[in-house]
Amino acid sequence: WSYTICRHPNYLGEILYWAGLFVAGSVSFGNSTVQWVSGVLGFLGILSIMLGSSSRLDGKQFKAYGDQPNYVEWKRNVKASVIPLLK
């Protein structure tokens, strides 16, 4: 089921995990600019790593499976690489 909404649901799960930690931890940031900046930069770092990894994996998968009709159809039907509704 999860591979019908995005091509890399494991990366989506990782992003959601870190987003949850950021939200849960943000209550302790208070008015500390350092903590907010550190938290946001940390989350953006994880986000960029996951999006970059999924992009590289898309390329590897295309090289390996790009000539297979099932793969081409699946990739055409599942537009989102990691984040559903963002193509």
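Please refer to the structure higher up on the page.
The text that follows walks through the structure, step by step, so that each part is easy to find. (Residues numbered from 1 in each chain as written. Predicted model: local features only at pLDDT ≥ 70, side-chain atom pairs only at ≥ 80, totals over all residues. Heavy atoms only, no water.)

## Notes on the nonpolar core
C6, Y11, L12, I15, L47, M50, A80 and V82 together form the largest nonpolar core, which totals 8 residues. Taken together, the elements giving at least two residues each to this core come down to α1 (9-26) and α2 (33-65). In terms of residue count, α1 provides more of this core than any other element does, 3 residues in total. Ignoring sequence-local partners within four residues, the contact set of L47 consists of I15 and I83. (Core = buried A, V, L, I, M, F, W, Y, C linked by side-chain atoms within 4.5 Å. Buried < 20%, exposed > 50% of the residue type's maximum accessible area, 1.4 Å probe, protein only. Helix = DSSP H or I, 4+ residues; strand = E, 2+ residues; numbered from the N terminus. Contact = heavy atoms within 4.5 Å.)

## Quick notes on the side chain of S81
Tracing the chain through its elements places S81 in the segment after α3 (69-77). Within the structure, S81 has its side chain in polar contact with the side chain of D58 (distance 3.0 Å). Residues in contact with S81, not counting those within four places in the same chain, are C6, R7, H8, S54 and D58. (Polar contact = N/O pair within 3.5 Å; in protein donor to acceptor, adjacent residues only side chain to side chain.)

## Describing the side chain of D58
Mapped onto the secondary structure, D58 falls in helix α2. On the basis of relative accessibility, which here comes to 10%, the residue D58 falls in the buried class.

## Here's the deal with α2
Side chains three or four residues apart in an α-helix point the same way, a direct result of the helix having 3.6 residues per turn. Helix length check: α2, at 33 residues, gives a terminal C-alpha distance of 47 Å against a target of 48 Å (1.5 Å per residue), a fit within 8%. Three or more residues of α2 are buried, namely G39, L47, M50, S53, S54, D58 and Q61. Against the buried residues of α2 lie α1 and α3. (Expected span 1.5 Å × (residues − 1).)

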